[in-house]
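# Examination of the molecular architecture
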Amino acid sequence: MSEQKPPRYKPYNQPAGGWGAAGATAKVLLQQSVIGKGSKALLAMNQPGGFKCPSCAFPDADHRKKLEFCENGAKALAWEATQHRVTRELFAQHTVTELMAQTDYWLEQQGRLTEPMRYDAATDHYVPCEWDEAFALIGRHLQALDNPDQAEFYTSGRTPNEAAFLYSIFVREFGTNNFPDCSNMCHEPTSRGLPPAIGVGKGTIVLDDFEHAEAIFVMGQNTGTNSPRMMSNLVEARKRGVPIVAVNPMPERALIRFTEPQDVVQMATFGSTEITSEFVHVRIGGDLALIKGMMKVMFEREAQGESVLDHAFLAEHTVGLEALREDVLAQDWDEIVRVSGIAQEQIRRCAEIYIRSQATVICYGMGLTQHQQGSRLLQQVANLLLLRGNFGKPGAGIGPIRGHSNVQGDRTVGIDEKPTARYLDRVQQVFGFDPPREHGHHVVESIAAMLDGSAKVFIGMGGNFIHAVPDTERAYQAMRRLELTVGIATKLNRGHLVHGRDALILPVVARSEWIRTPKGEQFVTIEDAMSNVTASRGVLEPASDHVLPEVEIVCRMAMAALPDSKVDWAAYMHDYGPIRDLIAAVYPDIYAGFNERIQSLHGFHLDIPPRRRVWPTPNGKANILVMPGLEVNAVVDDPEMLRLATVRSHDQYNTTIYSYNDRYRGVYNDRMVVFMNIEDRLARGLGKEALVSLETISDDGVTRRIEGLTVLDYPMPRGALAGYYPELNPLLPLDYYDRISGTPAAKSIPVRMRAQVDLPA
Ligand SMILES: Nc1nc2c(c(=O)[nH]1)N[C@H]1C(S)=C(S)[C@@H](COP(=O)(O)OP(=O)(O)OC[C@H]3O[C@@H](n4cnc5c(=O)[nH]c(N)nc54)[C@H](O)[C@@H]3O)O[C@H]1N2
Ligand SMILES: Nc1nc2c(c(=O)[nH]1)N[C@H]1C(S)=C(S)[C@@H](COP(=O)(O)OP(=O)(O)OC[C@H]3O[C@@H](n4cnc5c(=O)[nH]c(N)nc54)[C@H](O)[C@@H]3O)O[C@H]1N2
Ligand SMILES: [Mo]
């Protein structure tokens, strides 16, 4: 019997979730041969006393007595708990050059890393090495640098608070603030854009706010795929009749219709809930024009004598209203409609929904942050909320939906290339060394430093830097110039193969696994996207006897690099309680009494002053900030230009590809595709599913082109394209980023499309 491959593209017309999701969960456990073990772990995931899902940062619903996992959480777990192992034999069989020829999917499939490996240039193989030898090599390289700023210390958001905190102390005592972080490519516009406006760089909502909201806006976020547990909140809100407005250039399936896999009746009856009451098919980068249009409706109605703003709130809590009014009223309706791609009538409907609601939540994801002016765009989201006093009352606030499960926590505990003076003073008082005061590198700056030769060492605490960053080809060149690259990781990835003269792969204990040290069983803590800090205790046996917890790795790197350290690393290596005491000492405002408070079954919430209508800004007010114009990206004057958004499929976790399918978008067996409006395709004389190339429009003289992409007819707005991250990262210029946050504009790459005549064999 020949194995029939399903067609490459078959539009998906079912509701998202439901039996499709339940089936996919079972299948993934089966594939990784972890049915029994996986099920045991799933029962402990996101439950009090268990561990935090290694997938996304959405909070647990502690008041509901149900399993708190979703299809994609189960996938993340199955991939982590997999029975497959990368052993020394794999590295003995293949040179690094041979491994480079394998796909990322294949690398991932090899399973968990099991022992430390060191690159041997003479044979082009990774060879086993002792942990002591690995730390000694790191120590030697770091000590040999002319100055500490020649090292780059990357962090990805899976690292728990305890390890991230010690890492930030180690690196500062070593003498640099070079902390490129996955957050720099993600929610940094939140961290940098919101503080001048509302005084905090975090979200202000908690889970309960979904229950009190009278309207919910979901902007630039593919909820059903990337934060599936949030679907429960949307379903519940919808059943209460709350209007939900989704703003997205892609009509993401789960935002249209969803079946709650945990709803027994819906599952049995094949029922589903219509999620979105208003789908706003915005152009890429059109959100600013939409928001200004909504505000224009409000100011126009005010001018006609109606009261639609919260005047008491505005008078007591804000400054800057008049400048905003002037800017917004000056925008021309035709321009608003052209740039947003949304008819005036629909903008008025959105404004009406917003005005009628006494409590509104606005959630957003990468569709808002990854633009050249992402940070300032978020300030306009804050303005919209401020106009109706949507802070500091139940059911209202701003909700950046964070990515990695501890990406927010890592930043809170010190992973920050631009630390505040106040924080540095605390570090000095608590530890007794002088931390460097000069700002360090974010991701883009770290690559520039590698390229110009000023960086020599790269240490990656988790993540897959090389495939997460822009400009893949230049990033490869950058990495290959280094003297030492270190990948501290659970799984083999491309970053371990694109390496420096010396290179190490250091395997770690994963989130779902227990940490047993000579001081007993330890737990770690994480902070979710709504500022709840909870304990996480793994329940599975570690992948091998030779993997180490991240905390121990940090301590031993520090001991090797800093022989005269003022920090008693050995005291923290096996005992995490004292680390939390240090966190409390450095951050008394939010973390005082950490060890007592973490005893509570559901953890605790870190104070977010705007929830109390307190604004930690220099003037003590919420600042209404003006952003002129309607564009969030530099205008490209080229009639051929199309805007490309790089997005995630339903079957990947960032750079980890689970399969080549993207169920809800109807794509099978292929990721080298471009989603495009059929009219745009016809206008270019392209046939159905034509093969094309994309070339970036830039003025830096570098040609960035990807060939062999298949065009799929998809309900995209005119002029908008979408394709997959990380495959399309070679098209994203290093220099194309938000100047305030450093975040690459991965959702708005200007490109030209060409028909490809030479079909590959
Ligand atoms: N299963 C799974 N879960 C994940 C991840 C994963 O890869 N897989 N990654 C985690 C991480 S680190 C993060 S940051 C989050 C990411 O989660 P999301 O923020 O959902 O990320 P993306 O898939 O990159 O894109 C989001 C959406 O932005 C839309 N978009 C593109 N351009 C625009 C625009 O100009 N305006 C608007 N309004 N929308 C636009 C896209 O169509 C897409 O629906 O998810 C986290 N959770
Ligand atoms: N073009 C484009 N580029 C993007 C994006 C985009 O939308 N478009 N999104 C950006 C975003 S939002 C993000 S967050 C970044 C993601 O960038 P990263 O965080 O660097 O990438 P990941 O793919 O999440 O990293 C996966 C690796 O982490 C390791 N790992 C997994 N769990 C653990 C653990 O518990 N501990 C340790 N030490 N290692 C672990 C595994 O070895 C795995 O291979 O990519 C960014 N890049
Ligand atoms: Mo992210």
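Definitions and cut-offs
Residues numbered from 1 in each chain as written. Chains lettered and ligands numbered in written order. Predicted model: local features only at pLDDT ≥ 70, side-chain atom pairs only at ≥ 80, totals over all residues. Heavy atoms only, no water. 1 Å grid on protein atoms, 1.4 Å probe; cavity = no way out; pocket = protein on both sides within 12 Å on 5 of 7 lines; lining within 4 Å. Points joined across faces, edges and corners; volume = space filled by probe spheres on them. Nonpolar A, V, L, I, M, F, W, Y, C, P; charged D, E, K, R; others polar. Domains from an automatic or database assignment. Near = heavy atom within 4 Å. Polar contact = N/O pair within 3.5 Å; in protein donor to acceptor, adjacent residues only side chain to side chain. Areas by Shrake-Rupley, 256 points an atom, 1.4 Å probe, with all protein chains shown as cover. Helix = DSSP H or I, 4+ residues; strand = E, 2+ residues; numbered from the N terminus. Phe/Tyr/Trp six-rings, centres within 6.5 Å; stacked < 30°, edge-to-face > 60°. Lys NZ or Arg CZ within 6 Å of the ring centre and 35° of its normal. Buried < 20%, exposed > 50% of the residue type's maximum accessible area, 1.4 Å probe, protein only. Contact = heavy atoms within 4.5 Å. Pairing = 2+ DSSP bridges. Axes fitted to C-alpha atoms, helices over the stretch in contact; angles between N-to-C directions.

Let us look at the layout of surface pockets. Space inside the largest pocket adds up to approximately 1100 Å³. Taken together, 29 residues form the lining of the largest pocket, with Gly199, Gly201, Lys202, Thr412 and Thr420 sitting closest to its centre. Across the lining of the largest pocket, the residue classes tally to 12 nonpolar, 7 polar and 10 charged. Counting the residues that make up the lining of the largest pocket, at least three belong to each of domain 2 (86-186 + 407-601) and domain 3 (197-405).

To continue, consider the site of ligand 1. Taken together, 30 residues are adjacent to ligand 1, and Asn248, Glu252, Gly285, Arg648 and Asn654 come closest. Between ligand 1 and Glu252, the relevant distance is 2.5 Å, taken from an oxygen atom to a side-chain nitrogen or oxygen of the residue. Relative to its unbound accessible surface of 920 Å², ligand 1 loses 99% to contact with the protein. Of all the elements in the fold, those that place two or more residues in the shell around ligand 1 are α11 (223-226), α20 (366-369), β24 (642-647) and β25 (652-653). Residues that form the shell around ligand 1 fall into these classes: 11 nonpolar, 15 polar and 4 charged.

Each aromatic ring pair is summarised here by two numbers: the centre-to-centre distance and the angle between the ring planes. Enumeration according to the criterion identifies 25 aromatic pairs in this entry. Measuring from ring centre to ring centre gives 5.7 Å for Tyr119 and Tyr126, while their planes differ by 65°; the resulting arrangement is edge-to-face. Residue placement shows Arg580 over the ring face of Phe523; its charged tip is 4.0 Å from the ring centre. Over the face of the ring belonging to Tyr737 we find Arg739, whose NZ or CZ atom lies 4.0 Å from the ring centre.

Bringing the site of ligand 2 into the picture now. Taken together, 30 residues form the shell around ligand 2, and within it Tyr154, Ala468, Thr655, Tyr725 and Asn729 come nearest. Contacts to ligand 2 include Arg158, whose side-chain N or O atom sits 2.8 Å from a nitrogen atom. Between ligand 2 and the protein, one listed contact pairs a nitrogen atom with a backbone N or O atom of Ala468 at 2.7 Å. Taking 930 Å² as the accessible area of ligand 2 by itself, protein coverage stands at 97%. Counting residues per element, the ones that place at least two in the shell around ligand 2 are α25 (465-468) and β16 (484-489). The class makeup of the residues in the shell around ligand 2 is 13 nonpolar, 12 polar and 5 charged.

Attention now moves to helix α9 (residues 188-198). Across the 11 residues of α9, 9 count as buried, placing the element largely inside the fold. Glu188, Pro189, Thr190, Ser191, Arg192, Gly193, Leu194, Ala197 and Ile198 are the residues of α9 that are buried. Turning to α9, the residues buried within the fold contact β13 (360-364), α20, α21 (374-387), β14 (397-400), α22 (407-412) and β23 (622-623). Gly199, located one to two residues past α9, shows a positive phi value of around 95°.

Read across the sheet, 6 strands follow the order β5-β4-β17-β16-β15-β6 without closing on themselves; strand pairing throughout is mixed. Edge positions in the sheet fall to β5 (125-128) and β6 (151-155), since each has one partner strand and no second. In this sheet, neighbouring strand axes are inclined to one another by 20° on average, regardless of whether the strands run parallel or antiparallel. The pairing of strand β15 (residues 457-461) with β16 spans 5 bridges and is parallel. Looking across to β16, one finds that Gly460 is bridged to Gly487.

Another aspect to go through is the sheet that holds strand β8 (residues 244-247). Across the sheet, 5 strands lie side by side as β11-β8-β7-β13-β14; this open sheet has parallel pairing. A strand with exactly one partner marks an edge of an open sheet, and here the two such strands are β11 (278-280) and β14. Averaged over all pairs of adjacent strands, the angle between their axes in this sheet comes to 15°, without regard to strand direction. In terms of strand pairing, β8 meets β11 through 3 bridges, oriented parallel. Paired with Val247 across the two strands is Val280, which belongs to β11. Contacting β13 and β14, α21 runs over the sheet at an angle of about 170° to β13.

Interpretation note: all reported values are geometric properties and have no functional meaning in isolation.
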